[in-house]
Amino acid sequence: MSTAVVWFRADLRLDGNPAWAEATSAHDRVVALFVLDRRLWEAAGEHRRRLLAAHLEALDAGLARRGGRLRVEEGDPAEVVPALAAGLGAEEVHWNTDVGLYAATRDARVADGLGASAVRHWGRYVHAPGTLLTGSGDPYRVFTPFSRAWEAAGLPQRPDPGEAEVAGDPGRGVPAAPPPPMAGGEAAAVRRLGAFLERADAYREERDRPDLDTTSRLSADLKFGTIDPLAVVRRAGDASPGRRAFVRQLCWRDFYA
């Protein structure tokens, strides 16, 4: 029986998650892992900690519906992830990588510890960084031509998850925290998207009106990865100037990746 680890970070969802999809398709058994880095946990504000805990609880519940659990361990990911993978006899460790300085440095350290078993994906963006280049093969430096190329490229496809068994060891368990002001998890994020799309046609005209409730409330969901940005773009569409303006804001995320 082949085993893989999926290391969750800012991609706390099962739908539209390339790392989860490939690992559960290519292996018989998958360990869903989250590493609680105390340096980040203690440096975060109370609201962020409460929201993260709620997202982890929701992810754990989603995995429980598949017969498994989210395994939460604590420590430096560069030490925890390779050690756990070795202890489990995992053939591969999959994760969705990032371009931020801290995340990229951390990912490189983890990958060094894993060697050939490290498998990295792009699940935080609509178009993977480096896939849209100028005619000379360089990254875009100006947003407008980048946005034209972004639109012309069309939308990529996310792979479907497989049927691998999900391991049931919860490790240390999700850290305890009071409930946050907004519900956690991908189902709640999808509900927030649906509520926003009911008024998205007016987004372009009303987004700068402080007297109106026009925000999408999806910033935290995109930050924690409880919703796939590609799914947001697909559902929003471009049927009106307001929706096109909203999708353009998501294009900015890819530009600065």
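Report follows, based on the coordinates. Every chain is numbered independently, its residues counted from 1 as its sequence is written. In keeping with the predicted nature of the model, local features appear solely for residues at pLDDT of at least 70, side-chain atom pairs appear and are counted solely at 80 or more, and the whole-chain, interface and lining totals rest on all residues. To obtain the side-chain values, all non-hydrogen atoms of the structure were used and water was disregarded.

Remarks on the pattern of salt bridges
Right, so step 1: Whenever a carboxyl oxygen of Asp or Glu lies within 4 Å of a side-chain nitrogen of Lys or Arg, that contact is scored as a salt bridge. A complete count under the given rule lists 16 salt bridges for this structure.
Right, so step 2: In this structure, Arg106 and Asp107 form a salt bridge, with 3.8 Å as the shortest nitrogen-oxygen distance.
Right, so step 3: When accessible area is computed with a 1.4 Å probe and restricted to protein chains, residues below 20% of their type maximum are described as buried, those above 50% as exposed, and intermediate ones as partly exposed. Its relative accessible area of 0% is what places Asp107 among the buried residues.
Right, so step 4: One continuous salt-bridge network, built from bridges that share partners, spans Arg9, Arg106 and Asp107.

Observations concerning the nonpolar core
Right, so step 1: We define the nonpolar core as a collection of buried residues of types Ala, Val, Leu, Ile, Met, Phe, Trp, Tyr and Cys that are connected through side-chain atoms lying within 4.5 Å of one another. Of all hydrophobic cores here, the largest spans 25 residues; its most connected members are Phe8, Leu12, Trp20, Phe34, Leu63 and Leu70.
Right, so step 2: Put simply, DSSP marks the helices as runs of H or I at least four residues long and the strands as runs of E at least two long, and each gets a number from the N terminus on. At the level of secondary structure, the elements contributing two or more residues to this core comprise strand E1 (3–8), helix H1 (18–26), strand E2 (29–36), helix H3 (46–64) and strand E3 (70–74).
Right, so step 3: Within the second largest apolar cluster, 24 residues are counted, among which are Phe146, Trp150, Leu197 and Leu218.

Brief notes about the packing of aromatic side chains
Right, so step 1: Geometry of aromatic contacts follows a simple scheme: Phe, Tyr and Trp rings, the Trp one being its six-membered ring, pair when their centres are within 6.5 Å, and the pair is stacked under 30 degrees between planes, edge-to-face over 60, tilted otherwise. By the definition in use, this model includes 14 aromatic pairs.
Right, so step 2: With 5.7 Å between their ring centres and 75° between their planes, Tyr203 and Phe246 make a pair best called edge-to-face. You can see Tyr203 sitting in helix H8 (residues 203–206) and its partner Phe246 sitting in helix H11 (residues 241–255), a full 43 residues away along the chain.
Right, so step 3: Its relative accessible area of 14% is what places Tyr203 among the buried residues.
Right, so step 4: Residue Phe246 is classed as buried on the basis of its relative accessible area, which comes to 6%.
Right, so step 5: Here the aromatic residues Tyr140, Phe143, Phe146, Trp252, Phe255 and Tyr256 are joined through ring pairs into a cluster of three or more.
Right, so step 6: The residue whose ring lies beneath Arg9 is Trp7, and the NZ or CZ to ring-centre distance is 4.4 Å. Criterion for a charge above a ring: Arg CZ or Lys NZ at most 6 Å from the ring centre, at most 35 degrees from the ring normal.

A few points about the environment of Pro181
Right, so step 1: Summarising the element assignment, Pro181 is placed in the loop between strand E6 (165–166) and helix H7 (186–197).
Right, so step 2: The exposed category is assigned to Pro181, whose relative accessible area is 64%.
Right, so step 3: With 131 residues separating them along the chain, Pro181 and Arg50 place their C-alpha atoms 8.7 Å apart.
Right, so step 4: With sequence-adjacent residues up to four places away left out, Pro181 is seen in contact with His47 and Arg50. Should any heavy atoms of two residues lie within 4.5 Å, those residues are considered in contact.

Re helix H5 (residues 101–114)
For an α-helix the count is 3.6 residues per turn, leaving residues at separations of three or four pointing the same way.
Right, so step 1: Expected helix span is given by 1.5 Å per residue-to-residue step, counting one fewer step than there are residues. For H5, with 14 residues, the first-to-last C-alpha span of 20 Å sits near the 20 Å given by 1.5 Å per residue.
Right, so step 2: Of all the residues in H5, the buried ones are Ala103, Arg106, Asp107, Val110, Ala111 and Leu114. End-on, the buried residues of H5 take up no more than an arc of 135°, which puts them together on one face. Summarising the geometry of H5, the exposed residues directed more than 90 degrees from the buried face are Leu101 and Asp112.
Right, so step 3: Tucked into the core, H5 has its buried residues touching E1, helix H2 (38–43), helix H4 (77–88), strand E4 (92–96) and strand E5 (118–121).
Right, so step 4: Gly115 sits one or two positions beyond H5 and adopts a positive phi of about 70°. This arc is taken over the directions from the axis of the helix to the C-beta atoms.

Structural notes on the packing of helix H10 (residues 229–236) against H11
Right, so step 1: Here an angle of 0 to 180 degrees is reported between the N-to-C directions of two axes, which are lines fitted to C-alpha atoms, with helices fitted over the stretch in contact. Viewed as axis vectors pointing N to C, H10 and H11 meet at an angle of 165°, and their least axial separation amounts to 10 Å. As judged from the angle between their axes, H10 and H11 are roughly antiparallel. Seen from above, H10 lies across H11 with left-handed handedness. Every residue of H11 that contacts H10 at Pro229, Val232, Val233, Arg235 and Ala236 is listed here: Arg243, Phe246, Val247, Leu250 and Arg253.
Right, so step 2: Residue composition of the contact of H10 with H11, grouped by class: seven nonpolar, no polar and three charged. Our angle categories are set so that under 35 degrees counts as roughly parallel, over 145 as roughly antiparallel, 65 to 115 as roughly perpendicular, and the remainder as oblique. For any pair of crossing helices, the crossing counts as left-handed if the nearer helix is rotated counterclockwise from the farther one by less than a right angle, and right-handed if it is rotated clockwise. Three categories are distinguished: nonpolar for Ala, Val, Leu, Ile, Met, Phe, Trp, Tyr, Cys and Pro, charged for Asp, Glu, Lys and Arg, and polar for the others, with Gly belonging to the last.

Digging into the side chain of Arg192
Right, so step 1: With respect to the helices and strands, the residue Arg192 is situated in helix H7.
Right, so step 2: Within the structure, the side chain of Arg192 is placed 3.0 Å from the backbone oxygen of Ala183, a separation counted as a polar contact.
Right, so step 3: Leave out the neighbours within four places in its chain, and Arg192 touches Met182, Ala183, Gly185, Ser216, Arg217, Leu218 and Asp221. Counted as a polar contact is a pair of N or O atoms within 3.5 Å, where, for protein atoms, one must be capable of donating a hydrogen and the other of accepting one, and residues adjacent in sequence contribute only when both atoms are in side chains.

Notes on the pairing of E1
Right, so step 1: Most of E1 sits out of view: six of its six residues are buried.
Right, so step 2: By the alternation rule, side chains of E1 split into Thr3, Val5 and Trp7 and Ala4, Val6 and Phe8, which are all buried.
Right, so step 3: Pairing geometry for E1 and E2, over six bridges, is parallel. Note on E2: the bridge partner recorded for Val6 is Ala32.
Right, so step 4: Bridging between E1 and E4 involves three bridges; their strand directions are parallel. Each bridged residue has a counterpart across the sheet, and for Val6 the counterpart in E4 is His94. Being paired, for any two strands, means DSSP has found at least two bridges between them.

All we've got here are geometric facts, nothing functional implied.
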